[in-house]
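Chain residues, written in single-letter form:
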Amino acid sequence: MNRHAIQRQLLISLLAAVPALAAAAAQAAQPGDLAYNAAAKAIEAAEQAAVSLDAKVCIAVVDSNGVLEDFKRMDGSAPGCVASAINKARAAAIYRTPTYNFMARVNHGEPALVTLPGMVPLGGGVPAKNGAGTWLGAEGAAGSANPNEVKIATAGATALGQN
């Protein structure tokens, strides 16, 4: 077989493998991916916490890159809490820190923190890791008193970490 025939056969073999490789890549988990059922369970846990606190809130779940995965606006919640819940979750995910930590730092003399991109120095955003220490994403809650938002988001983040 000459060199051109070998190259042609190699090219045909590689092209035949492309669909199988593409299918495998599509099924492989990507960094930041979060299973929908895990996000839905986190929303459910946060909603249960909100109901127990008689809080009408918005609840957001984002993946580890801060991309929205699931959202719930409870009946009676204020329209302004939609963006707030998403932004709190996003900030907790991208900085991998509960947003109440930023609130404490701003309140204790570090106001420059608010200039960080995507920063939300209010409680209610809580990141989640699984048992192996992998960052999964974060939960955000808005529309109630700050201590309630922290409890609600923590309940959701805890559920997210158990999936």
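Figured I'd write up the structure that's included with this text.

1. Examining the pattern of salt bridges
Phase 1: If you walk through the whole model with that rule in mind, you get 4 salt bridges.
Phase 2: Here E110 and R105 are joined by a salt bridge, their closest N and O atoms 2.9 Å apart.
Phase 3: Assessed through its relative accessible area of 34%, E110 is described here as partly exposed.

2. Some words on the sheet that holds strand β3 (residues 125-129)
Phase 1: The sheet built from 4 strands is open, its strands ordered β2-β1-β4-β3 with antiparallel pairing. With partners counted over all chains shown, the strands left at the sheet margins are β2 (68-73) and β3, one partner each. The sheet shows a mean angle of 15 degrees between the axes of neighbouring strands, taken without regard to direction.
Phase 2: Taken together, the 5 bridges between β3 and strand β4 (residues 135-142) define a ladder with antiparallel strand orientation. Within the sheet, the bridge partner assigned to A128 lies in β4 and is G137.
Phase 3: Most of the contacts of helix α2 (residues 36-52) go to β2, to which it runs at about 30 degrees, and overall it touches β1 (58-63), β2 and β4.
Phase 4: Lying on the sheet, helix α5 (residues 146-161) is in contact with β1, β3 and β4; it crosses β4 at an angle near 155 degrees.

3. A word on the state of the cysteines
Phase 1: Enumeration over the complete set of coordinates arrives at 1 disulfide.
Phase 2: In this model, C58 is linked to C81 through a disulfide, with the two sulfur atoms separated by 2.3 Å. One quick way to see it: the torsion about the S-S bond of C58 and C81 is about 50 degrees, and its sign makes the bridge right-handed. Within this pair, whereas C58 is found in strand β1, its partner C81 is found in helix α3 (residues 81-95), the two being separated by 23 residues in sequence. Of the two residues examined, C58 and C81, each falls in the buried class.

4. Looking at unusual backbone geometry
Glycine aside, negative phi is the norm for most residues, and most peptide bonds take the trans geometry.
Phase 1: In this model, D54 sits at a positive phi of 55 degrees, which is unusual for a non-glycine residue.
Phase 2: Residue class for D54 comes out exposed when judged on its relative accessible area of 62%.

5. Observations concerning the nonpolar core
Phase 1: L34, A50, V57, I59, V61, I152 and L160 are the most contacted members of the largest nonpolar core, which totals 21 residues.
Phase 2: At the level of elements, α2, β1, β3, β4 and α5 are the ones that each hand at least two residues to this core.
Phase 3: When residues of this core are assigned to their parent elements, the largest contribution, 7 residues, is made by α2.
Phase 4: Leave out the neighbours within four places in its chain, and V61 touches L34, A39, A42, I43, V67, L68, E69, D70, A138, E139 and L160.
Phase 5: Membership of the second largest hydrophobic core comes to 11 residues, among which are C58, V62, A93 and A142.

Cut-offs and rules
Residues numbered from 1 in each chain as written. Predicted model: local features only at pLDDT ≥ 70, side-chain atom pairs only at ≥ 80, totals over all residues. Heavy atoms only, no water. Salt bridge = Lys/Arg side-chain N within 4 Å of Asp/Glu carboxyl O. Buried < 20%, exposed > 50% of the residue type's maximum accessible area, 1.4 Å probe, protein only. Pairing = 2+ DSSP bridges. Helix = DSSP H or I, 4+ residues; strand = E, 2+ residues; numbered from the N terminus. Axes fitted to C-alpha atoms, helices over the stretch in contact; angles between N-to-C directions. Contact = heavy atoms within 4.5 Å. Disulfide = S-S within 2.5 Å. Core = buried A, V, L, I, M, F, W, Y, C linked by side-chain atoms within 4.5 Å.

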